[in-house]
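Coordinate analysis (summary)
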Amino acid sequence: MLFEFDDDQQLLRQTVRDVLSKECPPALVRSVADEGTDPAPLWRTYAGLGWTELTETTEAVELGILLEELGRATDPTPLLATLTWFAPLAPGVASAEQTGTAVFDGVSAHREPLGDGWILDGTGRHVLDGDRADWFAVVTDAGVFTVPAGEATVTREDVFDPLLHVADVSFWQVRVSGESRADVDVALARDVALTGLALTMVGACKRVLELTIDHVRTREQFGVPIGSFQAVKHKAVDMHVAIERAAALAYFAALSIAEQDPRRSTAAAMAKAAAGECTTVVFESGFQLFGGMGFTWENDLQFALKRALSGELLLGGADVHRARVAAALLDAPAATTVAATASEEPHAAAV
Amino acid sequence: MRLRFDDDVEAFRAEFVSFLDANLPTVEEAAERPTSTAQMPEWTRRWQRLLFDNGWLLPGNPPEYGGRDATLLQQFVHLEELGRRRIYHSFNPQGLGIIAASLLTFGTDEQKKRWAVPILRAEITAALGMSEPGAGSDLAGLRTRAVLDGDHFVVNGQKIWTSGAHDADIILTFVRTDPDAPKHKGISVLVIPTDTAGITRRPFGSIVGRDDLDFNEVFFDDVRVPAANLIGELNKGWHVANGSLGHERTMLWLSFAERLDEMVEDFRPATALDRDRYATLAMDAQALRLLGSAALSRAARGEEDVASISVLKLFGSEAVRTAARHALLAQGADGLPRHGVTRPFEHMNLDWFFASWFERYARSFSGTIAGGTSEIQRTIIAERVLGLPRG
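Bear in mind the structure is a predicted one, so any value in this text is a computation, not a measurement.

**Section: the overall build of chain B**
Broken down by element type, chain B carries 11 helices and eight strands. By principal-axis analysis of the C-alpha atoms, chain B measures approximately 70 × 50 × 45 Å. For chain B, with 391 residues in total, the buried portion stands at 46%. Sequence separation of 24 or more characterises 68% of the internal contacts of chain B that already satisfy a separation of 6 or more.

**A few points about the overall build of chain A**
What chain A contains, in helices and strands, is 11 helices and 10 strands. Taking 2.2 N^0.38 as the reference for a compact globule, 351 residues should give roughly 20 Å; the C-alpha atoms of chain A span a radius of gyration of 21 Å, in line with that estimate. Principal axes of the C-alpha set define a box for chain A whose edges measure 80 × 55 × 35 Å. For chain A, the residues scored as buried account for 52% of the 351 residues in total. Taking contacts inside chain A between residues at least 6 apart in sequence as the whole, the part at least 24 apart equals 74%.

**Re the environment of Phe106 of chain B**
Relative to the elements of secondary structure, Phe106 of chain B occurs in helix H4 (residues 93–106). Discounting residues that sit within four places of it in the chain, Phe106 of chain B has contacts with Ile231, Gly232, Val240 and Gly243 of chain B.

**Things to note about the interface of chain A and chain B**
The interface of chain A with chain B comprises 48 residues on the first partner and 42 residues on the second. Only helix H6 (186–218), helix H7 (230–258), helix H8 (264–289), helix H10 (318–330) and helix H11 (338–344) of chain A provide two or more residues apiece to the side of chain A that touches chain B. Counting residues per element, the side of chain A that touches chain B draws most heavily on H7 of chain A, which supplies 14 residues. Taken together, the residues that form the side of chain A that touches chain B break down as 32 nonpolar, six polar and 10 charged.

**A short note on the domain arrangement of chain B**
Residue and element names in this part refer to chain B. Splitting chain B by domain gives domain 1 (7–91), domain 2 (126–235) and domain 3 (248–384). Computed from C-alpha atoms alone, the centre-to-centre distance between domain 1 and domain 2 is 30 Å. The partner domain 2 presents eight residues to the four residues of domain 1 that form the contact. Of the residues in the side of domain 1 that touches domain 2, the class split is one nonpolar, three polar and no charged.

**Some details on the nonpolar core**
With 212 residues, the main nonpolar core has Val202, Leu249, Ala250, Ala253 and Ala271 of chain A together with Leu260 of chain B as its most contacted residues. Residues contacting Ala250 of chain A, with those up to four places away along its chain left out, are Gly64, Thr195, Ala198, Leu199, Val202, Ala271 and Ala275 of chain A.

**Remarks on helix H11 (residues 374–384) of chain B**
Among the residues of H11 of chain B, Ser374, Gln377, Arg378, Thr379, Ile380, Ile381 and Ala382 of chain B are the ones counted as buried. Against the buried residues of H11 of chain B lie H7 of chain A together with helix H9 (306–331) and helix H10 (357–369) of chain B.

**Considerations on the sheet that holds strand E7 (residues 166–176) of chain A**
Residue and element names in this part refer to chain A. Strand order in the open sheet formed by four strands is E2-E3-E7-E6, with antiparallel pairing between adjacent strands. Two strands bound the open sheet, and with one partner strand each, they are strand E2 (107–111) and strand E6 (153–156). Each adjacent strand pair in this sheet contributes to an overall mean axis angle of 10 degrees, direction not counted. As paired elements, E2 and strand E3 (residues 118–128) share five bridges and run antiparallel to each other. Bridging from a neighbouring strand, Ala109 pairs with Leu120 of E3.

**A closer look at the environment of Arg145 of chain B**
Residue and element names in this part refer to chain B. Checked against the element boundaries, Arg145 lands in strand E2 (residues 145–149). By C-beta crowding, Arg145 is classed as partly exposed, having 15 other C-beta atoms within 10 Å. When the C-alpha atoms of Arg145 and Phe354 are compared, they prove to be 41 Å apart, with 209 residues separating the residues in sequence. Setting aside its immediate chain neighbours within four residues, Arg145 contacts Asn156, Gly157, Val175 and Arg176.

**What about the UniProt feature "domain: Acyl-CoA dehydrogenase/oxidase N-terminal" (unreviewed entry) in chain A?**
The UniProt feature table records "domain: Acyl-CoA dehydrogenase/oxidase N-terminal" (unreviewed entry) at residues 7–79 of chain A. As a span, residues 7–79 of chain A carries 68% helix and 0% strand, and end to end its C-alpha atoms are 25 Å apart.

**A few points about the pairing of E2 of chain B**
Residues and elements named next belong to chain B. Where E2 and strand E3 (residues 152–160) come together, five bridges link them in antiparallel fashion. Directly across from Asp149, in E3, lies its bridge partner His152. Counted between consecutive antiparallel strands, the loop separating E2 from E3 contains two residues, among which Gly150 sits at a positive phi close to 70 degrees.

**Remarks on the UniProt feature "domain: Acyl-CoA dehydrogenase/oxidase C-terminal" (unreviewed entry) in chain A**
According to UniProt, the feature "domain: Acyl-CoA dehydrogenase/oxidase C-terminal" (unreviewed entry) maps to residues 196–330 of chain A in the numbering used here. A helix fraction of 77% and a strand fraction of 3% characterise residues 196–330 of chain A, whose end C-alpha atoms lie 26 Å from each other.

**Focus: the UniProt feature "domain: Acyl-CoA dehydrogenase/oxidase N-terminal" (unreviewed entry) in chain B**
Mapped onto the present numbering, the UniProt feature "domain: Acyl-CoA dehydrogenase/oxidase N-terminal" (unreviewed entry) falls at residues 7–122 of chain B. Here residues 7–122 of chain B is 59% helix and 0% strand, with 33 Å between the C-alpha atoms at its ends.

**A look at the packing of helix H4 (residues 60–72) of chain A against H7 of chain A**
All names here are of chain A. Direction vectors running N to C along H4 and H7 enclose 145 degrees, while the axes themselves pass 7 Å from each other. Of the residues in H7, those touching H4 at Ala60, Val61 and Gly64 are Ala250, Tyr251, Ala254, Leu255, Ile257 and Ala258. Split into classes, the residues belonging to the contact of H4 with H7 amount to eight nonpolar, one polar and no charged.

**Observations concerning the packing of helix H7 (residues 253–266) of chain B against H9 of chain B**
Residues and elements named next belong to chain B. Between H7 and H9, the least distance of the axes is 9 Å, while the angle of their chain directions is 20 degrees. Regarding the angle of H7 to H9, the classification is roughly parallel. Pair H7 / H9 crosses with left-handed handedness. Residue-level contacts link Trp253, Phe256, Ala257, Arg259, Leu260, Met263 and Asp266 of H7 to Leu312, Lys313, Gly316, Ser317, Ala319, Val320, Ala323, Ala324 and Ala327 of H9. Each residue belonging to the contact of H7 with H9 can be placed in one class, and the counts come to 11 nonpolar, two polar and three charged.

**Notes on the pairing of E3 of chain B**
Note: E3 of chain B against strand E7 (residues 216–226) of chain B, eight bridges, orientation antiparallel. Of the residues in E7 of chain B, the one forming a bridge with Gly157 of chain B is Phe220 of chain B.

**Looking at the sheet that holds strand E1 (residues 100–103) of chain A**
All names here are of chain A. Across the sheet, which stays open at both edges, the four strands sit in the order E1-E4-E5-E8 with mixed pairing between neighbours. Two strands in the sheet have a free side with no partner beyond their single neighbour: E1 and strand E8 (181–182). Packed on one face of the sheet, helix H5 (residues 79–86) meets E1 and strand E4 (135–140) and runs near 55 degrees to E1.

**Quick word on the domain arrangement of chain A**
Residues and elements named next belong to chain A. Entries for chain A in the domain assignment read domain 1 (98–183) and domain 2 (186–348). Here the C-alpha centroids of domain 1 and domain 2 sit 29 Å apart. The interface is formed by eight residues belonging to domain 1 together with six residues belonging to domain 2. Residues belonging to the side of domain 1 that touches domain 2 are distributed by class as follows: six nonpolar, one polar and one charged.

Basis of the calculations
Residues numbered from 1 in each chain as written. Chains lettered and ligands numbered in written order. Predicted model: local features only at pLDDT ≥ 70, side-chain atom pairs only at ≥ 80, totals over all residues. Helix = DSSP H or I, 4+ residues; strand = E, 2+ residues; numbered from the N terminus. Buried ≥ 20, exposed ≤ 12 C-beta atoms within 10 Å, placed from the backbone. Contact = placed C-beta atoms within 7 Å. Rg over C-alpha atoms; globule rule 2.2 N^0.38 Å. Nonpolar A, V, L, I, M, F, W, Y, C, P; charged D, E, K, R; others polar. Domains from an automatic or database assignment. Core = buried A, V, L, I, M, F, W, Y, C linked by C-beta atoms within 7 Å. Pairing = 2+ DSSP bridges. Axes fitted to C-alpha atoms, helices over the stretch in contact; angles between N-to-C directions. UniProt positions renumbered as here; feature names shortened; annotations may be inferred. Parallel < 35°, antiparallel > 145°, perpendicular 65-115°, else oblique. Left-handed = near helix turned anticlockwise from the far one by under 90°.

Now the structure itself:
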């Protein structure tokens with residue numbers, strides 16, 4: 001196995017990075033947080049560049065690159081929810097400029113007593129971008145329903161991250177047509193969402209490390225940059241190693257989605273768990289190494305810290321996903337485990 | 001990104017696999033077990049010679065040195081197959097991996113013929129004389145002196161750790177030949193046969209047991225070494241040291257990945273906490289292989305990549321140590337007995353690897369201490385990767 005980005009993928013990353021440095025600079029992110037600037041023009045720019053059409057599972061690695069860079073730039077648009085929560089559950093429903101998200105839990109569906117429609121009932125809590133989506137994909141035991149946002153009652157939560165949109169999405173006996181229901185691969189969709197969130201967190205953690213490195217190289221105490229002290233260096237290295245580990249597992253999950261590899265589900269759990277572990281290390285050490293300056297509202301460090309930490313709190317934390325990894329490796333039939341796959345599949349031996 | 005190697009690499013693997021299937025020593029043949037890293041029972045020598053003669057010992061070498069001019073990726077799948085089948089590459093690992101490699105890089109043709117080929121063909125074994133009581137992480141601070149006297153060097157001083165020295169035929173010895181030069185510029189390298197007068201080798205026990213004799217103190221007392229045994233140029237020994245430690249570093253992570261795979265097989269969690277730790281182990285094992293594969297890709301393109309090698313060493317060695325600790329702790333009081341068997345006997349592998357959980361935990365520290373401690377690695381990464389200022 002060759003686990004490196006090819007030339008096209010490297011070019012994509014550079015292109016995304018260049019665009020974001022112009023279109024989504026720290027000043028814009030700050031103005032969204034402080035002045036309520038509407039990120040809709042930025043969203044239209046993304047759509048114009050074709051980024052909102054990266055929805056084929058075969059493009060999962062490319063989507064991952066985009067999401068990592070957006071996480072690094074603390075993107076204020078609903079792209080993550082649209083491409084990784086909504087699109088895998090409702091392929092082809094939204095236009096390139098429309099937004100969507102998913103209600104994974106909390107809503108049940110019943111057949112209409114008379115007629116061929118369905119009744120949706122219940123509340124999905126903490127739905128990413130639930131307050132600004134054009135569409136909802138609602139996961140129920142009876143299948144996935146794709147419904148326009150106007151059918152739901154939405155309440156945005158006031159959360160610690162000023163850039164994060166999270167809402168409770170309620171359906172009070174809402175009638176929807178039979179055509180809005182589809183049988184889609186929800187397990188795959190969940191893995192895409194986990195992997196997308198993991199890469200977003202990795203990007204945010206990279207941003208924290210970059211800002212921290214800049215800070216400790218320039219901040220002087222006792223007449224020298226504090227980055228020359230071993231206690232500081234070694235913390236920074238632990239951040240770097242945690243990021244490298246999380247990035248590797250997240251891109252492997254993306255690759256397993258793109259290649260329809262049987263290890264996909266375990267890989268996605270590993271990706272989300274590692275991103276959470278990385279966040280713990282990076283949040284604490286980054287915040288700590290910034291000293292009092294990291295404690296202020298004016299410092300942009302807060303946006304990246306919060307993007308990573310909110311990611312850890314969504315879709316299950318590291319402990320939840322480690323439990324899933326353990327269950328997959330210890331309780332499932334041997335053929336689905338990583339070790340067994342490696343020994344039966346010589347060509348994939350490097351993984 | 002892709003999940004598979006190219007066909008030519010897989011064809012190479014298949015050829016090696018069929019060689020192993022046809023020629024691997026049987027369990028009965030391998031009954032006599034090595035007692036140190038330079039003590040090779042006759043069957044291990046025969047096996048290494050067979051690998052050498054067929055170009056499978058170090059496939060990247062030319063045929064006269066036990067290889068077949070293989071590419072880096074071919075060399076990788078060769079090591080991967082050895083690891084997967086739990087075949088220890090050489091029972092004189094430093095001889096093969098560091099000393100013979102240094103001689104092939106820095107030695108004259110005569111020196112290659114005299115020492116490198118016999119080491120590779122397991123006719124002699126070798127130990128590495130680098131560390132001293134006062135020169136560990138600060139290797140360049142070594143003080144063992146060598147003074148030229150006619151056509152001989154006269155060597156005085158002491159080495160320590162020198163694994164397997166009491167069983168080795170030669171010691172590749174780093175000595176100070178110019179005490180007035182800056183410390184990196186006064187070092188030279190000598191091949192010293194261990195039967196030379198004035199050498200005392202004193203093996204000492206490890207934390208595993210007083211009878212676990214691999215470490216040595218080696219004392220040099222007016223030892224006369226022919227000037228022809230100088231490897232590389234006089235006072236250019238630091239160059240050789242860097243080259244020596246650089247050999248195979250690109251794939252050093254693979255041995256940590258193998259230890260992690262063994263832990264994944266052997267650690268059977270009972271409690272919820274053990275299961276949580278097991279998941280961490282499985283993730284570490286997967287992540288190390290992925291990061292190693294990325295580094296391999298860069299190396300295959302010829303990129304110099306010292307920094308990521310440090311990341312892999314740090315991450316891999318600490319992951320193994322963490323996993324071994326968790327596996328031991330999961331045993332509770334059942335982890336107390338000194339002797340124990342924690343995985344099935346593998347006749348081509350070192351016995352260390354299926355010893356008691358305590359021994360596996362203790363030996364995991366060789367990964368985080370030897371070859372540059374974790375603390376040294378962190379400082380290297382901070383300065384070379386993250387660009388932090390030197391302290």
